[in-house]
Amino acid sequence: MSGAGKTGKYRGSVKDFPNFDANQDAEALYTAMKGFGSDKEAILDLITSRSNKQRIEICHAYKSLYGKDLIADLKYELTGKFERLIVGLMRPLEYFDAKEIKDALQGIGTDEKCLIEILASRTNQQIHALVEAYKDAYERDLEEDVVTDTSGHFKKMLIVLLQGTREEDDVVSEDLVEQDAKDLLDAGEVKWGTDEAQFIYILGSRSKQHLRLVFDEYLKIAGKPIDSSIRGELSGDFEKLMLAVVKNIRSTPEYFADRLFKAMKGLGTRDNTLIRIMVSRSEIDMLDIREIFRTKYEKSLHHMIESDTSGDYKKALLKLCGGDDDAAGEFFPEAAQVAYQMWELSAVVKVELKGTIHPAGDFNADGDAKVLRKAMKGLGTDEDAIIGVVTQRSNAQRQEIIKAYKSHFGRDLMADLKSEVSGALGKVILGLMMTPAQYDAKQLKKAMEGAGTDESILIEILATRNNQEIQAINAAYKEVYHKSLEDALSSDTSGHFKRILISLALGNRDEGGVDLAKAREDAKKLADVSSDDSTSLETRFLSILCTQSYPQLRKVFQEFIKMTNHDIAHAINKRMSGDVGDAFLAIVRSVKNKQAFFADKLYKSMKGAGTDDRTLIRIIVSRSEIDLLNIRREFWDIYDKSLSHMIEKDTSGDYCKALLAICGGED
């Protein structure tokens, strides 16, 4: 078995079975497949509890005892995904990889994702073994087959990876690190066009230790992570391959945790990906993958497999997974290290916020007012004309159009739009015509009126707006509803949740720099469950999370990990519940990556049956001039699909047209 981590401990989930007897196991499998039907439970219990080396011995014993091929018999007796999984476990890893690549290359089209996953993640030794196994199994040269089936820079990088010649020396030259970082910057961001050969040479040949330092240096000199530059400079399968290489350089277990999550999220399961990873990593780093999965996605891999699969297939996958980390109730050093690095990245990355709506050139408020009046005059309404004007003007320009409309026609444009455009489209158009502060104030008012309160809207808005935005919302709320926002929140919420919202609604978050001593002191307050401090845990969290600056909170959360080996989000999940926990988690996620927070909410508003139009409209409208382009990019990174594509599939008619116009393009 191979799977010793940095500490020398075995990190696989499947181990050698004690008191192993190959002949006895061969007999048990023969009995399980004898007669009418087969005992699938007996087969999966036995095979998933033996190591790969032991399964190979069972194959030999089976042939000796019965003169039959065990894999052929398993294929005959089992079907579907369960058969693919069990048969995959019976092959040595290099032959399993060879079969996956052969399947990816043959037939109509090529499964580029499979090629990327395997060749970007395997070590030099694993690559050499794979090339030999491919030759032995198919009497073909793997490099020749890849050359025949792929093209361009994608092909060139695959061929480099197939050589299995990545440097393995842990001794790193600081001068070479700086030079490589500069060469990558010059080859992409600085250069007109992109020097792909430089990316291929450096990312395809340097050692992992060296490249990690190169990535750190690149971040310093470019002001953005190497991933962002790759997305901006490269495209297609070549871009995906280089991103996979970067992810594997940083952390192979994290790369596979991401792949597993994407294989199971949303409707449908990518079973081939799920099987391939569970089989190939079960004796290498499955425990690390599990830990990182739980840290990043706030649920255990075990839980996600359990809710996404069924039958014997599910039972076998869960055996390979090896345990439920949610049940364990504890976190792990590897996961804590990843969480710390994520906060580190969040602290240093400079994000240039970009909206999708910009001021129109050659703007003419009078002309636009006339176009809108014509679109609403007489029988019928010209929705296309309305969408064309409203979605292609900045908010400041729309306010000028409102004034011009009143001057020309003596009419209230908002009232006319309200009477002419209805339903979801009406909510989009009217939302765009309000100032951002008026729009947020209205959303907060609607969340609190009528029977029941929509706490999620209160949390989303108050936890993500900056001081200036909050103060503008307060002024707009008072002006329109003749009541202070604080009074409205006080009468509509209660307890710790009310106190959190009121604190956020003051718009009084500190905007200073980072104080390391204070960050350590605050982290200790958050970490100390048995504190002598008489104030409640919720009050301590409120006094820090609702008042400190974002840079300061990032440092607090890093210090918290150092003290507890836990990420702050998991600690909140474990120690709090309901609206209070949700509010604190929203603040944490906003501090870490506000655009990813909104991308997640957008995805959830459209996945599954039915669409949460209220959330979809609110985020698209409110972020259109702030960071919707960044949100689009996060959406693509997390969900492997474009926001535009999902909107197109999930909405229709003029409503869809308006959202797509605001969204601003297909990624």
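Look up a bit, the structure's there.
In this text the structure is predicted, and so the values were computed from the model without any measurement. (Residues numbered from 1 in each chain as written. Predicted model: local features only at pLDDT ≥ 70, side-chain atom pairs only at ≥ 80, totals over all residues. Heavy atoms only, no water.)

*Asks:* Looking at this structure, I do not really get the overall build of the protein chain. What am I missing?
*Replies:* Each helix and strand counted, the protein chain has 41 helices and zero strands in total. Against the globule reference of 26 Å for 667 residues, the protein chain gives a C-alpha radius of gyration of 29 Å, in line with a compact fold. Summarising its shape, the C-alpha atoms of the protein chain cover approximately 95 × 65 × 65 Å along the three principal directions. For the protein chain, with 667 residues in total, the buried portion stands at 50%. In the protein chain, 72% of the contacts between residues at least 6 apart in sequence involve partners at least 24 apart. Carbon and sulfur atoms make up 49% of the accessible area of the protein chain, which totals about 29600 Å². Taking the 94 positively charged and 110 negatively charged side chains of the protein chain as two groups, their mean positions are separated by 4 Å. (Helix = DSSP H or I, 4+ residues; strand = E, 2+ residues; numbered from the N terminus. Rg over C-alpha atoms; globule rule 2.2 N^0.38 Å. Buried < 20%, exposed > 50% of the residue type's maximum accessible area, 1.4 Å probe, protein only. Contact = heavy atoms within 4.5 Å. Areas by Shrake-Rupley, 256 points an atom, 1.4 Å probe, with all protein chains shown as cover. Lys, Arg positive; Asp, Glu negative; His and termini not counted. Charge placed at Lys NZ, Arg CZ, Asp CG, Glu CD.)

*Asks:* Please explain unusual backbone geometry as it appears in this structure.
*Replies:* A negative phi holds for most residues other than glycine; trans holds for most peptide bonds. The phi dihedral of Asn19 is positive, around 50°, even though this residue is not glycine. Of note in this structure, His482 is not a glycine but carries a positive phi near 55°. Turning to its location among the elements, His482 is positioned in the loop between α30 (467-481) and α31 (485-492). By relative accessible area, which is 69% here, His482 ends up exposed.

*Asks:* Can you help me understand the packing of helix α16 (residues 252-264) against helix α18 (residues 286-297) in this one?
*Replies:* Axis angle and axis distance: for two packed helices, these are the angle between their axes and the distance between the axes, and together they describe the pair. Contact pair α16 / α18: the axes reach a minimum separation of 8 Å and the direction vectors enclose 60°. The interaxial crossing formed by α16 with α18 has right-handed handedness. Residues Pro253, Glu254, Phe256, Ala257, Asp258, Leu260 and Phe261 of α16 touch α18, and the partners they reach there are Asp288, Ile289, Ile292, Phe293, Lys296 and Tyr297. Per-class residue counts for the contact of α16 with α18 are nine nonpolar, no polar and four charged. (Axes fitted to C-alpha atoms, helices over the stretch in contact; angles between N-to-C directions. Left-handed = near helix turned anticlockwise from the far one by under 90°. Nonpolar A, V, L, I, M, F, W, Y, C, P; charged D, E, K, R; others polar.)

*Asks:* Please clarify how the nonpolar core should be interpreted in this entry.
*Replies:* Soluble globular proteins tend to bury their nonpolar side chains together. Within the largest apolar cluster, 103 residues are counted, with the highest numbers of intra-cluster contacts made by Leu545 and Phe584. If you tally residues by element for this core, the top one is helix α37 (residues 578-606), at 14 residues. Leaving out residues up to four positions away in the same chain, Phe584 has contacts with Ile500, Glu538, Phe541, Leu542, Leu545, Ile572 and Met576. Counting residues in hydrophobic clusters, the runner-up holds 97 residues, among them Ala32, Leu74, Ala104 and Leu234. (Core = buried A, V, L, I, M, F, W, Y, C linked by side-chain atoms within 4.5 Å.)

*Asks:* Sorry if this is basic, but what is going on with the packing of aromatic side chains here?
*Replies:* With the rule as written, the count across this model stands at 15 aromatic pairs. The interplanar angle of 55° and the centroid separation of 4.9 Å between the aromatic rings of Tyr477 and Tyr481 together place this pair among those described as tilted. One end of the pair, Tyr477, and the other, Tyr481, are both in helix α30, four residues apart, so they sit about a helical turn from each other. With a relative accessible area of 2%, Tyr477 lands in the buried category. The rings of Tyr30, Tyr62 and Tyr66 are connected pair by pair, giving a single aromatic cluster. (Phe/Tyr/Trp six-rings, centres within 6.5 Å; stacked < 30°, edge-to-face > 60°.)

*Asks:* Mind showing me how you'd approach the packing of helix α6 (residues 93-105) against helix α17 (residues 271-281) here?
*Replies:* Running from N to C, α6 and α17 cross one another at 160°; their axes reach a closest spacing of 10 Å. Overall, the two elements α6 and α17 adopt an arrangement that is roughly antiparallel. Where α6 crosses over α17, the handedness of that crossing is left-handed. Contacts between α6 and α17 involve Leu93, Phe96 and Glu100 from the first element and Arg276, Val279 and Ser280 from the second. Within the contact of α6 with α17, the residues separate by chemical class into three nonpolar, one polar and two charged. (Parallel < 35°, antiparallel > 145°, perpendicular 65-115°, else oblique.)

*Asks:* Can you walk me through the pattern of salt bridges in this structure?
*Replies:* Where charged atoms from two side chains of opposite charge come close, those side chains can pair. Counted under the stated rule, the structure contains 42 salt bridges. Here Asp73 and Lys68 are joined by a salt bridge, their closest N and O atoms 3.5 Å apart. Among the residues examined, Asp73 registers a relative accessible area of 15% and is labelled buried. For Asp271, the salt bridge goes to Lys81, with nearest N and O atoms at 3.9 Å. On the criterion of sequence distance, the pair formed by Asp271 in helix α17 and Lys81 in helix α5 (residues 80-90) is long-range, its members being 190 residues apart. Classification of Asp271 as buried rests on a relative accessible area of 17%. Overall, the relative accessible area of 42% leaves Lys81 in the partly exposed class. A network of salt bridges, in which partner residues are shared, links Arg84, Glu100, Glu117, Arg259 and Arg276. (Salt bridge = Lys/Arg side-chain N within 4 Å of Asp/Glu carboxyl O.)

*Asks:* What is the right way to look at the environment of Val160 in this model?
*Replies:* Along the polypeptide, Val160 turns up in helix α10 (residues 152-162). It is 9.9 Å that separates the C-alpha atoms of Val160 and Glu143, two residues lying 17 residues apart in sequence. Leave out the neighbours within four places in its chain, and Val160 touches Ile200 and Gly204.

*Asks:* What's the story with helix α33 (residues 516-527) in this structure? I'm lost.
*Replies:* Along an α-helix, residues three or four apart share an orientation, since each turn contains 3.6 residues. The end-to-end C-alpha distance of α33 is 16 Å, a good match for the 16 Å that 12 residues give at a rise of 1.5 Å each. Taken together, the buried positions of α33 are Ala519, Asp522, Ala523 and Leu526. Take α33 and look down its axis: the buried residues cluster within an arc of 105°, on one side only. Among the exposed residues of α33, those pointing more than 90 degrees away from its buried face are Ala517 and Lys524. Next to the buried residues of α33 lie α34 (537-545), α35 (550-564) and α36 (568-575). By the N-cap criterion, in which a side-chain oxygen at the helix start approaches the backbone nitrogen of a residue two or three places on, α33 is capped by Asp515, the distance to Ala517 being 3.2 Å. (Expected span 1.5 Å × (residues − 1). Arc of directions from axis to C-beta. Polar contact = N/O pair within 3.5 Å; in protein donor to acceptor, adjacent residues only side chain to side chain.)

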